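Residue-level structural notes
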Amino acid sequence: MKLSHRGRAPEPGRRERGAALVELAIVAVILVTMLGGAFDLGMAWRGTLAVTEGARAGVRVGSAVGVTKEADRDLLLSVKSALSSSDMIDKVVRIVVFRAGPNGRVPAECKTATTLVSGCNILTGDDLRALETTSPLEDNGCIKQSRSKGFCPTTRKDVPASADSIGIWIRAEHPNLFPVMGRKRTIERTAVMRIEPRSTEGTP
């Protein structure tokens, strides 16, 4: 008995087109993933520059206003303005104003503490966003809503020989649009500047 095949074998050209479509789909997924990762890296880099500029803007003001009662409010409003102009203000998680030592680093405990830490004034991102020119101050100049008040403006030194160095540390969290390398990227930046010594001209 003779058997017959009614179906026809796929044409060679059709098989090649099917394989090409599968390969294109695989390559497209890889390409889109790489482009998404590159986009997020670029946006995180832009955010890093913005946070760096915010910290620098704050210490410049802090150095200039020195030990005046409004010093912290003025410098934090400068930080807020710089971060708002770059759309990074909503991504700030924590900000610390601290007495900088020789290494210029923020004390490790200031990064996590929620209570008093010597040498540090600590605010959350919400505290910074809520700050206004009329926000209340303590008698020593510290922002009332600060989580730590360990480096208040009127306690700082602006004597030429021993002026304090003021530092600002900012932590922000940048969300990734394409979670190829995680859902978010943490940005931490520090800026330090010596408080401008008060003039001694005319003193005996």
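It should be noted that the structure appears before, not after, this text.
What comes next concerns the included structure.

What counts as what
- Residues numbered from 1 in each chain as written.
- Predicted model: local features only at pLDDT ≥ 70, side-chain atom pairs only at ≥ 80, totals over all residues.
- Heavy atoms only, no water.
- Helix = DSSP H or I, 4+ residues; strand = E, 2+ residues; numbered from the N terminus.
- Buried < 20%, exposed > 50% of the residue type's maximum accessible area, 1.4 Å probe, protein only.
- Contact = heavy atoms within 4.5 Å.
- Areas by Shrake-Rupley, 256 points an atom, 1.4 Å probe, with all protein chains shown as cover.
- Phe/Tyr/Trp six-rings, centres within 6.5 Å; stacked < 30°, edge-to-face > 60°.
- Lys NZ or Arg CZ within 6 Å of the ring centre and 35° of its normal.
- Disulfide = S-S within 2.5 Å.

Topic: the overall build of the chain
When its secondary structure is counted, the chain shows three helices and five strands. Counting helices and strands in the order they occur from the N terminus, the chain gives α-α-β-β-α-β-β-β. Taking all 204 residues of the chain together, 38% fall into the buried category. Sequence separation of at least 24 residues holds for 70% of the intrachain contacts in the chain that already meet a minimum separation of 6. Accessible surface, the chain as shown: approximately 12,200 Å² in total, 56% of it carbon and sulfur.

Brief notes about the packing of aromatic side chains
Inspection of every chain in the model, using the stated rule, returns one aromatic pair. Summarising the aromatic geometry, the rings of F39 and F178 are spaced 6.2 Å apart at their centres and angled 90° between planes, so their arrangement reads as edge-to-face. A residue pair is termed long-range when its members are at least 10 positions apart, and F39 in helix 1 (residues 12–65) and F178 in the loop between strand 4 (165–175) and strand 5 (184–194) qualify at 139 residues. F178 gets classed as partly exposed once you look at its relative accessible area, which sits at 34%. Directly above the ring of F151 sits R156, whose terminal nitrogen or CZ lies 4.4 Å from the centroid.

Details of the state of the cysteines
Think of a disulfide as a covalent bridge from one cysteine sulfur atom to another cysteine sulfur atom. Counted under the stated rule, the structure contains two disulfides. Here C110 engages in a disulfide with C120; their sulfurs sit 1.8 Å apart. On the S-S bond that ties C110 to C120, the torsion sits near 75°, and the link is right-handed. Residue C110 is found in the loop between strand 1 (92–100) and strand 2 (120–124), and its partner C120 is found in strand 2; the two are separated by 10 residues along the sequence. In the chain, the cysteines engaged in disulfides, taken in order along the sequence, are linked 1-2, 3-4.

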